[in-house]
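Residue-level listing of the chains:
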Amino acid sequence: MIQVKVVNKGHQPLPQYATPLSAGMDLRANLEAPVTLQPMERRLIPTGLHIALPDGYEAQIRPRSGLALKKGITVLNSPGTVDADYRGEVGVLLINLSQEPFVVNDGERIAQMVIAHHEQVTFESVEVLDETERGEGGYGHTGVK
């Protein structure tokens with residue numbers, strides 16, 4: 001288990017795991033008043049949270065499956081990335097993909113945050129890549145079955 005420093009400038013509880021094997025923690029809207037998202041409208045919703053991740057980690061901001069399925073609400077830049085050196089407020093870029101207005105209320109669970117380890121790379125410029133069975137086959141290359 002890793003430690004993540006957090007400053008909660010909002011009035012919502014800190015994110016927590018819903019079950020012992022959950023990968024993500026729910027993020028809550030930290031609002032002074034409800035926000036209505038019209039169909040196809042996007043808004044940055046504040047959480048009140050500022051975090052300091054350890055080197056080599058990122059926070060991934062992902063949609064909540066229930067909101068996506070039932071209401072058509074998703075995270076626009078999914079997954080959004082919070083870098084280890086970012087100290088600003090964690091915001092959630094929501095979009096309403098439904099045909100009905102959606103009201104985001106204070107304290108509503110609007111997204112999930114997954115803390116993930118990552119590597120950094122350096123690129124080696126070469127003239128030719130090694131051959132593989134797939135080669136340059138792109139989207140849908142392997143078929144549907």
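Residues numbered from 1 in each chain as written. Predicted model: local features only at pLDDT ≥ 70, side-chain atom pairs only at ≥ 80, totals over all residues. Heavy atoms only, no water.

Topologically, Ser98 is positioned in the loop between strand S8 (89-96) and strand S9 (102-104). Residue classification places Ser98 among the buried residues on the basis of a relative accessible area of 19%. Looking at Ser98, its side chain comes within polar contact range of the side chain of Asn96, at 2.6 Å. From its side chain, Ser98 meets the backbone oxygen of Glu100 in a polar contact 2.9 Å long. Every residue in contact with Ser98, bar those within four places of it in the chain, is listed here: Pro39, Met40, Lys71 and Gly72. (Helix = DSSP H or I, 4+ residues; strand = E, 2+ residues; numbered from the N terminus. Buried < 20%, exposed > 50% of the residue type's maximum accessible area, 1.4 Å probe, protein only. Polar contact = N/O pair within 3.5 Å; in protein donor to acceptor, adjacent residues only side chain to side chain. Contact = heavy atoms within 4.5 Å.)

Moving on: the pairing of strand S10 (residues 109-117). Note that strand S2 (residues 25-28) and S10 share four bridges and pair antiparallel. What sits directly across from Asp26, in S10, is Gln112. For strand S5 (residues 57-62) and S10, the ladder comprises six bridges, and the chain directions are antiparallel. Each bridged residue has a counterpart across the sheet, and for Arg62 the counterpart in S10 is Gln112. (Pairing = 2+ DSSP bridges.)

Spatially, four strands are ordered S1-S4-S8-S6 in an open sheet, and the strand pairing comes out antiparallel. On the outer flanks of this sheet lie strand S1 (5-8) and strand S6 (73-75), each paired with one strand and no other. Strand-to-strand twist in this sheet, taken as the mean axis angle between neighbours without regard to direction, amounts to 40°. Pairing of S6 with S8, which is carried by three bridges, proceeds in the antiparallel orientation. Bridge assignment links Ile73 to a residue of S8, and that residue is Asn96. (Axes fitted to C-alpha atoms, helices over the stretch in contact; angles between N-to-C directions.)

On to the sheet that holds S10, then. Here we have four strands laid out as an open sheet, ordered S2-S10-S5-S7, and antiparallel in their pairing. The sheet is open, and its two edges are formed by S2 and strand S7 (80-82), each paired on a single side. Adjacent strand axes in the sheet meet at a mean angle of 35° when their direction is disregarded.

One finds Ile45, Ile61, Val92, Leu94, Val104 and Ile110 to be the most contacted residues of the largest nonpolar core, which totals 25 residues. Listing elements by their share of this core, those giving two or more residues are S2, strand S3 (35-37), strand S4 (42-52), S5, S6, S8, S9 and S10. Once you skip the residues sitting within four places of it in the chain, Val104 turns out to touch Ala29, Leu31, Pro34, Val35, Leu37, Ile45, Leu94 and Ile110. (Core = buried A, V, L, I, M, F, W, Y, C linked by side-chain atoms within 4.5 Å.)

Quick look at the pattern of salt bridges now. Going through the model one piece at a time under the given rule, you end up with three salt bridges. Asp26 serves as the salt-bridge partner of Arg64, at 3.4 Å between the closest nitrogen and oxygen. Residue Arg64 is found in the loop between S5 and helix H1 (65-71), and its partner Asp26 is found in strand S2; the two are separated by 38 residues along the sequence. Accessibility expressed as a relative area gives 18% for Arg64, which makes it buried. For Arg109, the salt bridge is made with Asp26, and the minimal N-O distance between the two is 2.9 Å. With a gap of 83 residues between them, Arg109 in strand S10 and Asp26 in strand S2 connect regions that are remote in the sequence. The exposure class assigned to Asp26 is buried, which follows from its relative accessible area of 18%. Among the ionic contacts, a cluster of salt bridges with common partners joins Asp26, Arg64 and Arg109. (Salt bridge = Lys/Arg side-chain N within 4 Å of Asp/Glu carboxyl O.)

Geometric values such as these leave the question of function open.
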